[in-house]
Amino acid sequence: MEVDRSSLLDDATKEGMTPESIAVVGTNRGQARLSPGAPRAKLTWSRQLAKEAVYLSYEDMPPDLKQCFLYYSLLPKSITLFNDLHVIGMWISEGFIHGNSGDLEESGQKYYKELISRNLIELGNLNYGQNYCSMHDIVRSFGHHMVKNEALIAHTGEIDILNKLNSKKFHRLSIETDEVQSGDFDWKSLQEQQSMRTLISNVEIKMEPGDSLVTSSSLRTLFIKGAGVALVESLHQLQHLRYLNLRNVGISAFPENIGKMKFLQYLDTNACKNLVHLPDSIVKLGQLRYLNLPNKLTMIPRGFHGLRNMRILGGFPALMDGDWCSLDELGPLSLLRFLRLVQLENASSAANAKISEKKHLINLLLYCTPRPEQNEDGQQRIEKVFNELCPPSSVENIDIYWYFGQKLPSWMMSTATVPLNNLKSLLLFDLVCCTQLPDGLCHLPCLQVLKVNRAPCIKRVGTEFLRPSQPAAASFPMLNKMVLKGMVEWDEWEWEEKVQAMPRLEELLLENCKPGRVPPGLASNARALRKLVMEDVEQISCLEIFPSVVELTVVDCPDLESITNLPSLQKLTITRCPNLKSMKDVPALQRLSLENDETETVPGYLRDVNPRHLELRCGLTLLTTIAAGKSGPEFAKFSHIERVKCKGISVWGGSSDWYVSYTREPYSLDTNANSSFLETLTSEVVDAQRLESVLKMPRRTFDYVCSLLKESSLEIMSNYFFFYMSFFSLEERVAIALIMLKSGDLPATVGSFLGVNESTVSLVTKSFVDAMLERAQHHLCWPQSDEIDKMKYKFDKIHGLPNCCGVLHTTSITSASRSWDHQDKDSFVLQGVVDPDMRFTGICVAPRPANTSQSSFLRDSNLFEYCEKGAWLNGSKLKNDLLDIPPYQAEFSRRHSAARNITLKALARLEDTWKFMHGEWRPNKPLEMSRAIHVCCILYNIVIDMEEVAAMPSDQDVSYSDEVRQLADEDAVRMRDILSQHLLSSISSQSEGNSCFIQLSGESKMRSTGREAVLACW
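These numbers come from a predicted model, not from an experiment.

Rules used throughout
- All residue numbers here refer to positions counted from 1 along the written sequence of the relevant chain.
- For a predicted model such as this one, the threshold for reporting local features is a pLDDT of at least 70, and the threshold for listing and counting side-chain atom pairs is 80 or more; totals across whole chains, interfaces and linings nevertheless cover every residue.
- Working from all heavy atoms in the structure, the side-chain values ignore hydrogens and water.
- Runs of E in the DSSP output that reach at least two residues are strands. Runs of H or I that reach at least four are helices, and both are numbered from the N terminus.
- Three exposure classes are used, based on accessible area relative to the maximum for each residue type with a 1.4 Å probe and protein chains only: buried under 20%, partly exposed in between, and exposed over 50%.
- Contacts are residue-level and defined by heavy atoms, with any inter-residue pair within 4.5 Å sufficient.
- Only the protein chains shown count as cover for residues, and all accessible areas are computed by the Shrake-Rupley method using a 1.4 Å probe.
- Under this scheme, a helix contributes an axis fitted over its contacting stretch, all axes are lines through C-alpha atoms, and angles between N-to-C directions fall in the 0 to 180 degree range.
- Small angles under 35 degrees read as roughly parallel and large ones over 145 as roughly antiparallel, with 65 to 115 read as roughly perpendicular and the rest as oblique.
- In this count, Pro and Cys sit with the nonpolar residues alongside Ala, Val, Leu, Ile, Met, Phe, Trp and Tyr, while Asp, Glu, Lys and Arg are called charged and the others, Gly among them, polar.
- One side-chain nitrogen of Lys or Arg within 4 Å of one carboxyl oxygen of Asp or Glu is enough to make a salt bridge.
- If DSSP finds at least two bridges between two strands, the strands pair.
- Each patch is built from residues lacking any salt bridge and having more than 30% relative accessible area; the joining distance is 9 Å for like charges and 5 Å for nonpolar side chains (Val, Leu, Ile, Met, Phe, Trp, Tyr).
- Neither His nor the chain ends is counted toward charge; the positive residues are Lys and Arg and the negative residues Asp and Glu.
- All charge positions are set by atom: Lys at NZ, Arg at CZ, Asp at CG, Glu at CD.
- We call a set of buried residues a nonpolar core when its members are Ala, Val, Leu, Ile, Met, Phe, Trp, Tyr or Cys and they connect through side-chain atoms within 4.5 Å of each other.
- Side-chain rings of Phe, Tyr and Trp, where Trp is taken by its six-membered ring, are said to pair if the distance between their centres is within 6.5 Å; with planes under 30 degrees apart they count as stacked, over 60 as edge-to-face, and otherwise as tilted.
- Multiply 1.5 Å by the residue count of a helix minus one, and that product is the helix's expected span.
- pLDDT is defined as a per-residue confidence score from the predictor, taking values between 0 and 100.
- Our arc is simply the arc of the directions from the helix axis toward the C-beta atoms.

Each helix and strand counted, the chain has 27 helices and 39 strands in total. Split into buried and exposed, the 1018 residues of the chain put 51% on the buried side. Pairs at least 24 residues apart make up 57% of the contacts formed inside the chain by residues separated by at least 6 positions. Carbon and sulfur atoms make up 47% of the accessible area of the chain, which amounts to about 45000 Å² in all.

Shown next as structure tokens:
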């Protein structure tokens, strides 16, 4: 029966299935066998089908593989925790792998690969020659269902673990949850689980001194994160433990009693970063097959050579003690399959390690410690050590890290005497001093992967790298993938057409190098090359004549000018190649992806190609031009392409919300990046009357605000935030922020009105606030002495308050929304000093403390402190009770009441103009709210400053201070005399209520009457 694969995939996607679950269904439908009477005549693509497919595959497994599969489903989801060696070790410890003791790891690998082939686990990263896989949620949930009667799986979201542990006994327990806190979960909670064989915990399990593990003696497998010292010291009580993996355990050494764990086969302490010492008793663990150590170990016990059952050894350090070298202990370990050696710079010899005699060795990883400088003696010594670490012919994978010799090992330069006939992968990282690539690898029959990452001293790759062992034979006959990265001085690449090499090369990656040219031999010989990637490659101007390349990616190649004659090319990705001008002869091109955040036009070479799909990632300037469609100047360049998807990008390369989607037939163009708002806003910026209507602000005031912010953080914000914001002019950004602060609406509402997305409105508003506080603070500050004289003059003339320099008022800032952890709506207090022209000369904005009155807030405020300490009002202070001065009190109250109206009018005008303060939206943090209110007060002052004309002509300024000093009328003198007499008569009395601060010569006074206060200079 023929099935339309694309339609099935579409149906599966509509059902919410991911590609992984689709693969499970597809694979298992082909493998599973339906019984003749199966009541499913027609299968439909759904999540239920996926579960059924997993069940069918499960039923088709042999019994041992079933156990391995179900056990894998118990593992926490994080793929970084368990590689294939970990999983296989757990299977062996549980007894799932049968056969000869010497072949258990190999049999486990077969099971592991079988689960991958059935798509029950998915292959992910490869690290240290080890595979990391993941399991799809559908498959995992099936496994959980099958083991629900014997296993407790407590992953994220489970909160009733303790109750379940107390109500039922389990064989296996797996914990990965944020809900279980270490303080609530301890070993006492597990005392009833005496039959538990596996404990996998990604949270710390507390153990107090004196607690015992005797009741958990049935444990075979223990994986635990964050164990304490008490637990480590008690591990010897787990007499039947086979597998132990400790992560993030803060110990520097194991206790000696670890030698009592006679059945221990697997011990992984690689994640115990503080561990530097192994106890002597570890040599008693004769059953140990797997040992993975941290890289900074400083002590290896003598007698380690007795662990002859060892198969996997990681992190083994090269340490010297006189004539003894720890590498000597490796000689008798003939069964090793995996070996990772570290700190090799410490060794003086490695001959006694007898690496070449380990006939079972598959993976060999050799590490030096990175060092800033290398001397000649050290280089010669490390070259000798690596020559003596000659691998056996059985090795398949070799990784070398931070090798600092000038010459690569002799067994790598010439394999005639040491045939590495099984070598499949060679990874060379940080060859800091090597001057040439290994030239003895070219005739290896099985080499599939060659990677070189950072070799800064290699300047030439010549014919010796490709020399064949026989004239008629091709070099690198099986090489499938080659990666050359970080060869920053490489400027010459020789490979003539007649030199046959790399006939099976499928993938080539060049990065951070300048090879000068693409050699002719590459195109003519690498006829299987399907994927070519060039990143940050200089001095290559043309890519041409690659007949087999299907996928090409070029990133940051500044010298690339043309791409031509790639007849099989189907997928092409070009990122930041500004000089690329020509693209021809790519007839099979299906998908073209372009990215450049600087260009303002569509590349002209698009006229010469005809991909089915074009994906363009660009700045907002170009995107908006494309959004114009047929009426735009760029349309002709891409109109012939079947589908075009254009997205805006941010400065860090992420996608923005702006897009354009175009389909040729039938014609369709969809976008959210229209220019209607920009046109409207621009016209309003030009038309003063329309701008004043929208912003309710005179044009000259708007222009002044913009002038304040020239070259401020608001103007250059695109350098730090979204690149597409560079499309908006400074005036447009100011307008967006002013509309936001004036309207009091949510950013989404304002954005919808303006045609701008919500995140843009919020970003622009925040940047505007920051810039205003940086550039316009001088519009809201305590006046200088000459300005105080003017204020005193006006207060005296208008309100009869001689020497008064401001009225203080405290009010609440309410909001229509709750935020910040559900604080009260009435959560902010604004305290301001207002001058006679209703300007703010000082403000204090802060969240209102709970159960605090406004008068109490006044006394605790910075404004009160400034006056009390004389920071604003000069002179020393004398505190006295002024509550009962009848002749003075009545007159002052009358004049104070009149002056009080100034603050009420000022605050009413502030709140009516800048509705943000009481609107629906609040910034993310209280501090940002305070800053925004502060800016509203600054803008309020700017409007007054721009609207009003100075009260006094400039030719009177010289004598203005003298005139003011003569304005003390008889009323002021009379009140001062009354006050002085009262002070003399009641000097000892104190007041706990209203207070007055007086200075006898140029005195200052702050009179508090509840919520308002008058600042006066007497």
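Here the narrative resumes.
Another aspect to go through is the packing of helix α4 (residues 63–72) against helix α6 (residues 104–117). Two elements in contact, α4 and α6, have axes separated by 10 Å at closest approach and are oriented at 70°. Judged by the angle between their axes, α4 and α6 are roughly perpendicular. Facing α4, whose interface residues are D64, L65, C68, F69 and Y72, α6 presents Y111, Y112, E114 and L115. Partitioning the contact of α4 with α6 into residue classes produces seven nonpolar, no polar and two charged.

It is worth spelling out the pattern of salt bridges at this point. Side chains bearing opposite charge may pair, as long as their charged atoms lie close to each other. Evaluated as defined, the whole model comprises 30 salt bridges. Taking the shortest distance from any N to any O, the salt bridge between R302 and D321 comes out at 3.2 Å. A residue pair is termed long-range when its members are at least 10 positions apart, and R302 in the loop between β9 (290–292) and β10 (312–317) and D321 in strand β11 (residues 320–321) qualify at 19 residues. Linked by salt bridges that have partners in common, K794, D835, D837, R839 and D945 make up one network.

Another aspect to go through is the sheet that holds strand β23 (residues 542–544). Taken together, three strands build an open sheet; the order of strands is β23-β25-β27 and the sheet is parallel. Both outer strands of the open sheet, β23 and β27 (582–584), are each paired with one neighbouring strand and no more. Sheet twist, expressed as the mean angle between neighbouring strand axes with direction ignored, is 5°. Summarising the sheet, β23 and strand β25 (residues 562–564) pair through three bridges and their orientation is parallel. When the bridges of β25 are listed, C542 appears paired with S562.

Turning to a negative patch on the surface, a few remarks are in order. A cluster of acidic residues, E535, D536, E538, D559 and E561, forms a negative patch on the protein surface. In this structure, E561 sits in the loop between β24 (551–555) and β25. For E561, a relative accessible area of 47% corresponds to the partly exposed category.

The biggest cluster of nonpolar side chains holds 160 residues, and the ones touching the most others in it are L327 and I574. When residues of this core are assigned to their parent elements, the largest contribution, five residues, is made by helix α13 (residues 620–627). Filtering out sequence-adjacent residues up to four positions away, L327 remains in contact with F316, A318, L341, L344, A347, S349, A350, N352 and A353.

Our next topic: the packing of aromatic side chains. With the rule as written, the count across this model stands at 23 aromatic pairs. When the centroid spacing of 6.2 Å and the interplanar angle of 70° are considered together, the rings of Y55 and F142 count as edge-to-face. Of the two residues, Y55 sits in helix α3 (residues 47–59) while F142 sits in helix α7 (residues 137–146), which places them 87 residues apart along the sequence. Here Y55 falls in the partly exposed class, since its relative accessible area comes to 39%. Judged by relative accessible area, F142 falls into the buried class, the value being 8%. Judged by centre distance (4.3 Å) and plane angle (10°), the ring pair of Y367 and Y401 falls under stacked. You can see Y367 sitting in strand β14 (residues 363–367) and its partner Y401 sitting in strand β15 (residues 397–401), a full 34 residues away along the chain. Exposure class is identical for Y367 and Y401. Each is buried.

Looking now at the packing of α4 against α7. Viewed as axis vectors pointing N to C, α4 and α7 meet at an angle of 110°, and their least axial separation amounts to 8 Å. Compared by their axis directions, α4 and α7 come out roughly perpendicular. Note on element contacts: α7 touches α4 through V139, R140, F142, G143 and M146, opposite F69, L70 and Y72. The class makeup of the residues in the contact of α4 with α7 is six nonpolar, one polar and one charged.

A separate point is unusual backbone geometry. E665 connects to P666 through a cis peptide bond whose omega is -10°. With respect to the element layout, P666 can be found in the loop between β31 (655–663) and β32 (668–671). With phi around 60°, N119 is a residue other than glycine that occupies positive phi space. By the secondary structure assignment, N119 is in the loop between α6 and β1 (122–127). We classify N119 as partly exposed; its relative accessible area is 27%. Look at N512: it is not a glycine, yet its phi comes out positive at around 55°. Looking at where N512 falls in the secondary structure, it is placed in strand β21 (residues 507–513). Exposure remark for N512: the relative accessible area of 32% places this residue in the partly exposed category.

It is worth spelling out helix α18 (residues 730–743) at this point. Turn by turn, an α-helix covers 3.6 residues, leaving residues three or four places apart pointing in a common direction. Spanning 14 residues, α18 covers 20 Å between terminal C-alpha atoms, matching the ideal 20 Å at 1.5 Å per step. Of all 14 residues in α18, 12 are buried; the element is thus mostly enclosed. Positioned one or two residues after α18, G744 has a phi angle of 80°, which is positive.

Turning next to the environment of G250. Mapping G250 onto the fold places it in the loop between β7 (243–247) and β8 (266–271). Overall, the relative accessible area of 56% leaves G250 in the exposed class. Measuring from C-alpha to C-alpha, the distance between G250 and G226 comes to 7.7 Å, with 24 residues separating the pair along the chain.

Let us now look at the environment of Y704. Structurally, the position occupied by Y704 is in helix α17 (residues 699–708). With relative accessibility at 22%, the residue Y704 sits in the partly exposed group. It is 8.6 Å that separates the C-alpha atoms of Y704 and M946, two residues lying 242 residues apart in sequence. The residues contacting Y704, other than those within four sequence positions of it, are H778, H779, I942 and M946.

Quick look at the confidence of the model for the chain now. Predicted coordinates in areas of low pLDDT are best not read in detail. When pLDDT is averaged across the chain, the result is 78; 74% of the residues are at 70 or more. Scored below 50 in pLDDT, residues 1–22 shows 23 contacts in the model against residues more than four places distant or in partner chains. Taken as a whole, residues 676–686 scores under 50 in pLDDT and shows 21 contacts with residues more than four places along the chain or in a different chain.

On to α6. An ideal rise of 1.5 Å per residue puts 20 Å on 14 residues; α6 measures up with 20 Å between its terminal C-alpha atoms. The complete set of buried residues in α6 reads L104, E105, G108, Q109, Y112 and L115. Buried positions in α6, seen along its axis, are confined to an arc of 140° and lie on one side of it. Facing away from the buried side of α6, by more than 90 degrees, are the exposed residues K110 and K113. Remark: N119 follows α6 within two positions and exhibits a positive phi of approximately 60°.

Another aspect to go through is the environment of T760. Structurally, the position occupied by T760 is in helix α20 (residues 758–775). By relative accessible area, T760 is classed as buried at 0%. Each C-alpha atom of the pair T760 and I736 lies 9.3 Å from the other, and the pair is 24 residues apart in sequence.

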